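Coordinates in review
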Amino acid sequence: VQLQASGGGLVQVGGSLRLSCAGSGRTSSIYIMGWFRQTPGKERDFLAACYWGGSSPYYTDSVKGRFTISRDDAKNTVYLQMNSLKPEDTAVYYCAATRRFTPSGAKEYREYHYWGQGTQVTVSS
């Protein structure tokens, strides 16, 4: 499985961005898709996840109501719509995929098997 993330950039406070993560290869093996972000010196933080072939998205509290994860099965693509962006949202954003459900509910980055290359999001004030 290969994941290609895109859509990052520079945006002002309160603005919006939509990140995309296109999957290729053996995508039938994917069980959950997730989005994470990372700032220098810190571990990757969970943001949102959804089941590859189903629904029931879930989010970390800090992005609930602002970020929305969705998918387009025909395009093998998962999106992260980010609204009301804040300076603290500045980070490198990663998409990831896991082949199975995990003890943490797929909220731990160590539980993911495949990763996109990361895309920088910068929110300026």
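Below, the structure is looked at part by part. (Residues numbered from 1 in each chain as written. Predicted model: local features only at pLDDT ≥ 70, side-chain atom pairs only at ≥ 80, totals over all residues. Heavy atoms only, no water.)

**Quick notes on the state of the cysteines**
For the structure shown, the criterion picks out one disulfide. Here C21 engages in a disulfide with C95; their sulfurs sit 2.1 Å apart. The sign of the S-S torsion, about 65 degrees, decides the handedness of the disulfide formed by C21 and C95: right-handed. Placement of C21 in strand β3 (residues 17-24) and of C95 in strand β9 (residues 91-98) is noted, with a sequence separation of 74 residues between them. Residues C21 and C95 agree in their burial class; the two are buried. C50 carries a free sulfur, and the closest cysteine sulfur to it, the one in C21, is 9.9 Å from it. Classification of C50 as buried rests on a relative accessible area of 4%. (Disulfide = S-S within 2.5 Å. Helix = DSSP H or I, 4+ residues; strand = E, 2+ residues; numbered from the N terminus. Buried < 20%, exposed > 50% of the residue type's maximum accessible area, 1.4 Å probe, protein only.)

**Details of the nonpolar core**
Membership of the largest hydrophobic core comes to 28 residues, with the highest contact counts inside it found for W35, L80, M82 and Y93. Contributions of two or more residues to this core are made by β1 (2-6), β3, β4 (32-38), β5 (45-51), β7 (67-72), β8 (77-82), β9 and β11 (119-124). No other element matches the four residues that β9 contributes to this core. Among all residues touching Y93, those that are not within four sequence positions of it are L19, F36, R37, L47, F67, L80, M82, G118, T119 and V121. With eight residues, the next largest nonpolar core counts F46, A49, Y58 and Y112 among its residues. (Core = buried A, V, L, I, M, F, W, Y, C linked by side-chain atoms within 4.5 Å. Contact = heavy atoms within 4.5 Å.)

**Re the pattern of salt bridges**
Scanning all chains against the criterion turns up six salt bridges. R110 is paired through a salt bridge with E108; the nearest N and O atoms lie 4.0 Å apart. By relative accessible area, which is 38% here, E108 ends up partly exposed. (Salt bridge = Lys/Arg side-chain N within 4 Å of Asp/Glu carboxyl O.)

**A word on the packing of aromatic side chains**
Evaluated as defined, the whole model comprises seven aromatic pairs. Taken together, a centroid distance of 5.5 Å and an interplanar angle of 80 degrees make the contact between Y31 and Y51 edge-to-face. With Y31 in the loop between β3 and β4 and Y51 in strand β5, this pair connects stretches of sequence that are 20 residues apart. For Y51, a relative accessible area of 23% puts it in the partly exposed group. Aromatic pair Y112 and W115: ring centres 6.0 Å apart, planes at 55 degrees, arrangement tilted. A relative accessible area of 26% means that W115 is categorised as partly exposed. In textbook terms, an aromatic cluster arises when at least three aromatic residues are bridged by ring pairs, as seen for F36, F46, Y58, Y94, Y112 and W115. Over the aromatic face of Y94 sits the side chain of R44, whose NZ or CZ is 3.6 Å from the ring centroid. (Phe/Tyr/Trp six-rings, centres within 6.5 Å; stacked < 30°, edge-to-face > 60°. Lys NZ or Arg CZ within 6 Å of the ring centre and 35° of its normal.)

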